[in-house]
Amino acid sequence: MASPERPPRRFPAVLRRRAASFGYALRGVAAALRTEVHLQFHAAATVAVLGLGWYLQLARWEWALVALAVGLVWSLELVNTAVEAVVNLVSPEYHPLAGRAKDVAAGAVLAGAVAAAAVGALVFGPRLWALL
């Protein structure tokens, strides 16, 4: 009995959907980078921090702390951008609760940025001080 011809192997649908979700996420980050001044500032700060870390030859554990701090700030900024977009969609007119939601989301970014600055001071401070 001859076996039926098999169709060419394709990625299972679940893998195609996962790959597409990465594309959507990257599209969201790119859109936020194009439109959000604060995220552009964080991008410039990230480049500066990475360059300084490379110059100062950070240890692996220091890179881990810097990566977590940078990731935290980027994540919070992206969530803040999403919160602002949704609030603007559902409440185009001013409403105190809409303002509170935006303020709290912005406060989360501020808290993350302060924590990242503390990490930066602890990681980079002694090395920069030694250069002076």
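The present account deals with the structure reproduced in this document. (Residues numbered from 1 in each chain as written. Predicted model: local features only at pLDDT ≥ 70, side-chain atom pairs only at ≥ 80, totals over all residues. Heavy atoms only, no water.)

**Notes on the overall build of the protein chain**
Defined as follows: Helix and strand assignments come from DSSP, with helices taken as H or I runs of at least 4 residues and strands as E runs of at least 2, each series counted from the N terminus. Between the two quantities, the radius of gyration covers C-alpha atoms and the globule rule is 2.2 Å times the number of residues to the power 0.38. For every residue, the accessible area obtained with a 1.4 Å probe (protein chains only) is divided by the maximum for its type, and the residue is called buried under 20%, exposed over 50%, and partly exposed between those limits. The criterion used for residue contact is that any of the two residues' heavy atoms lie within 4.5 Å. Here the accessible surface of atoms and residues is derived via Shrake-Rupley with a 1.4 Å probe, and residues count as covered only by protein chains that are part of the display. Here the positive residues are Lys and Arg and the negative ones are Asp and Glu; neither His nor the chain ends is included. We put the charge of a Lys on NZ, of an Arg on CZ, of an Asp on CG and of a Glu on CD.
Looking only at helices and strands, one finds 4 helices and 0 strands in the protein chain. Scanning the protein chain from its N terminus toward the C terminus, one meets helices and strands in the order α-α-α-α. In terms of overall size, the protein chain is more extended than a compact globule, its C-alpha atoms giving a radius of gyration of 22 Å where 132 residues would be expected to give roughly 14 Å. Reported as C-alpha extents along the three principal axes, the dimensions of the protein chain are approximately 80 × 50 × 20 Å. Within the protein chain, the fraction of its 132 residues that count as buried is 20%. Nonlocal contacts in the protein chain, meaning residues at least 24 apart in sequence, comprise 71% of its contacts between residues at least 6 apart. Accessible surface computed for the protein chain: about 10,100 Å², of which carbon and sulfur atoms make up 70%. Looking at charge distribution, the protein chain has the averaged site of its 12 positive side-chain charges lying 16 Å from that of its 7 negative ones.

**Some thoughts on the packing of helix α1 (residues 13–35) against helix α3 (residues 60–90)**
Rule in force here: Between N-to-C directions, angles span 0 to 180 degrees; the directions come from axes that are lines fitted to C-alpha atoms, helices contributing only their stretch in contact. Angle categories are assigned with fixed cut-offs, so that under 35 degrees is roughly parallel, over 145 is roughly antiparallel, 65 to 115 is roughly perpendicular, and the rest are oblique. Under the scheme applied, nonpolar residues are Ala, Val, Leu, Ile, Met, Phe, Trp, Tyr, Cys and Pro; charged residues are Asp, Glu, Lys and Arg; polar residues are all the others, including Gly.
Packing of α1 against α3 brings their axes to within 11 Å, and their N-to-C directions diverge by 80 degrees. Classed by the angle they form, the pair α1 and α3 counts as roughly perpendicular. Residues Val29, Ala32 and Leu33 of α1 touch α3, and the partners they reach there are Trp74, Leu78 and Thr81. Tallied by class, residues from the contact of α1 with α3 come to 5 nonpolar, 1 polar and no charged.

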